[in-house]
Amino acid sequence: GSFERFLGIVIEQYAGRFPLWLAPVQVVVATIVSDADAYAEQVAAALAKAGLAVQTDLTNQKINAKVREHSLMHVPVLAVVGRKEAESGTVALRRLGSQAQEVLALDTALANLAAEATPPDLR
């Protein structure tokens, strides 16, 4: 009873748009082209090793459809990878609710996301 009510209040408070540290799926790694599938798997494995809840989207959909789908699912961070990112060892991070994306080196992105995914009382 009370636990379910508490979860209902939390979901209502955030309107389903949980902060990164609370989201059930924290990052989705999506590919632009199928050539980047192997790199996407590497990125997802590195994110999981850093303690993040991660999924991959290797479907054949266009990137705009992937962004729309994962935005509707309220995933806090979408890590987009393509040929250019695979060659340079970077990821393009897109935050929920933002049109802008930032391209970071994989190590930098891992450090930033892992720090942000740590609950506030454990920092």
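Everything that follows concerns the structure shown earlier in this document.
Residues numbered from 1 in each chain as written. Predicted model: local features only at pLDDT ≥ 70, side-chain atom pairs only at ≥ 80, totals over all residues. Heavy atoms only, no water.

J.: I'd like a description of the sheet that holds strand 3 (residues 77-81), backed by residues and values.
T.: Backbone hydrogen bonds are what pair the strands of a sheet, in a parallel or an antiparallel way. With mixed pairing, the five strands of this open sheet are ordered in space as 2-1-3-4-5. Of all strands in the sheet, those bounded by a partner on one side alone are strand 2 (54-57) and strand 5 (101-105). Direction aside, the axes of adjacent strands within the sheet are offset by 25 degrees on average. In the packing of helix 2 (residues 37-49) onto the sheet, contacts are made with strand 1 (27-31), strand 2, strand 3 and strand 4 (90-95), and the angle to strand 1 comes to roughly 170 degrees. (Pairing = 2+ DSSP bridges. Helix = DSSP H or I, 4+ residues; strand = E, 2+ residues; numbered from the N terminus. Axes fitted to C-alpha atoms, helices over the stretch in contact; angles between N-to-C directions. Contact = heavy atoms within 4.5 Å.)

J.: I'd like to hear about the nonpolar core, residue by residue, with values.
T.: Val-29, Val-43, Leu-47, Val-81, Val-91, Leu-93 and Leu-113 are the most contacted members of the largest nonpolar core, which has 21 residues in total. For this core, the secondary-structure elements that each account for two or more residues are strand 1, helix 2, strand 3, strand 4 and helix 5 (106-116). With five residues, the top contributor of residues to this core is helix 2. Once residues within four sequence positions are removed from consideration, Val-43 is found in contact with Val-29, Val-81, Val-91 and Leu-106. If you look at the next biggest cluster of nonpolar residues, it comprises seven residues, including Val-28, Val-67, Leu-78 and Ala-92. (Core = buried A, V, L, I, M, F, W, Y, C linked by side-chain atoms within 4.5 Å. Buried < 20%, exposed > 50% of the residue type's maximum accessible area, 1.4 Å probe, protein only.)

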